[in-house]
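# Structure at a glance
The residues making up each chain are set out below.
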Amino acid sequence: MRRLVFDLWPIALLLLLWQVWVSAAGYNSIVLVPPSAVVLDLMRFPTAYLLPALHTLAFALGGLGLGLAAGILLAIAAWLSELLAGITTPFALLLSSTPVVCLIPIIARLFGYESRTELVAIAVMTFFPSFVYCSTGLRQLPSMSRDVLLVLHASRWQNLRLLALPAALPALATALRVGATFSVLVALLAEYLMQTGGLGTLFAITMQQFHLARALGASAVAMALSVLLFEATRAIEHRVSTLYRAGS
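Okay, so let's go over this structure.

Bringing the side chain of Thr 196 into the picture now. Considering the arrangement of structural elements, one finds Thr 196 in the loop between helix H8 (156–194) and helix H9 (198–208). Among the polar contacts listed, one links the side chain of Thr 196 to the side chain of Glu 118, at a separation of 3.0 Å. Contacts of Thr 196, omitting those with residues within four sequence positions, involve His 55, Glu 114, Ser 115, Glu 118, Ala 190, Glu 191 and Thr 201.

What follows deals with helix H6 (residues 115–139). Its 25 residues give H6 an end-to-end C-alpha distance of 37 Å, which sits within 8% of 36 Å, the value for a rise of 1.5 Å per residue. Bending of H6 peaks at approximately 30 degrees at the position of Phe 127, with proline Pro 129 no more than four residues after it.

Taken together, Trp 9, Leu 13, Leu 16, Leu 17 and Val 20 make up a surface patch of nonpolar side chains, about 510 Å² in accessible area. Its place among the elements puts Leu 16 in helix H1 (residues 2–25).

Attention now moves to the packing of helix H3 (residues 47–80) against H6. It is at 5 Å that the axes of H3 and H6 come closest, and there the two elements cross at 40 degrees. By the angle between their axes, H3 is oblique relative to H6. Considering only the axes of H3 and H6, their crossing is right-handed.

On to helix H2 (residues 35–44). Of the residues making up H2, those classed as buried are Pro 35, Val 38 and Asp 41. In a view along the axis of H2, the buried residues occupy a sector of 125 degrees, so they form one face of it. For H2, the exposed residues lying more than 90 degrees away from the buried face are Met 43 and Arg 44.

Time to look at the nonpolar core. Val 100, Ile 104, Ala 121, Ile 122, Met 125, Val 186 and Met 194 are the most contacted members of the largest nonpolar core, which totals 20 residues. Where this core is concerned, the elements lending two or more residues are H3, helix H5 (100–111), H6 and H8. With 7 residues, H8 is the largest single contributor of residues to this core. Not counting chain neighbours up to four residues away, the residues in contact with Ala 121 comprise Ile 104, Ile 107 and Val 186. Ala 75, Ala 78, Phe 127 and Leu 172 belong to the second largest nonpolar core, which has 12 residues in total.

Calculation notes
Residues numbered from 1 in each chain as written. Predicted model: local features only at pLDDT ≥ 70, side-chain atom pairs only at ≥ 80, totals over all residues. Heavy atoms only, no water. Helix = DSSP H or I, 4+ residues; strand = E, 2+ residues; numbered from the N terminus. Polar contact = N/O pair within 3.5 Å; in protein donor to acceptor, adjacent residues only side chain to side chain. Contact = heavy atoms within 4.5 Å. Expected span 1.5 Å × (residues − 1). Bend = angle between axes of the 7 residues up to and from the residue. Patch = residues over 30% accessible without salt bridge, like charges linked within 9 Å, V, L, I, M, F, W, Y side chains within 5 Å. Areas by Shrake-Rupley, 256 points an atom, 1.4 Å probe, with all protein chains shown as cover. Salt bridge = Lys/Arg side-chain N within 4 Å of Asp/Glu carboxyl O. Axes fitted to C-alpha atoms, helices over the stretch in contact; angles between N-to-C directions. Parallel < 35°, antiparallel > 145°, perpendicular 65-115°, else oblique. Left-handed = near helix turned anticlockwise from the far one by under 90°. Buried < 20%, exposed > 50% of the residue type's maximum accessible area, 1.4 Å probe, protein only. Arc of directions from axis to C-beta. Core = buried A, V, L, I, M, F, W, Y, C linked by side-chain atoms within 4.5 Å.

Read these as geometric descriptors, not functional statements.
If you want it as structure tokens, here you go:
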């Protein structure tokens, strides 16, 4: 509890200053609202946030799963083939250097302004960290382990199954942690730009209606989802790393 208070006091101070500033300045509610108004809206109308939050969470997790699967499969393919590695690596780097805001309209033009496009956008943007971390993990082998399998005349597939994939587990857990929080951001941007539902659409609509308290409430719920996913995946990463070190 003491550590929690120590970590959160800057946020509490910022909210307090925000409350005092808005109250003293007397801003109209369409310009800025105090944090107390956001909290009251969250408490009085929780159902207004529930379905959008579940929508965003479901698509974030679904897109994350697709992105992880694609990244792992392509990393394995690149590990097995040097030619494929030379083809996929520049493509992944090009994808990572493209801003999310610029990429989503392109994906929307290809797949349509539908919910499936949101899923595709999340998968595409979470693919890169999955590919990079998995590729790195497949090459970070324990000392002398490759020589042992070479002496035993292990095949390429046996090297992958018995050595490379187990060695890549900590890196895969890290990719899960990085992609989990990033998936919420991409989901919000896709929902905001394409109006497919979720917290991003709720934020866009309420901003157009000058309902600033609910718009900020949607942002707060999205932030809470991102933090929740980060903490959950960080616990998974810690557990996997602990088991890997114990097994080594």
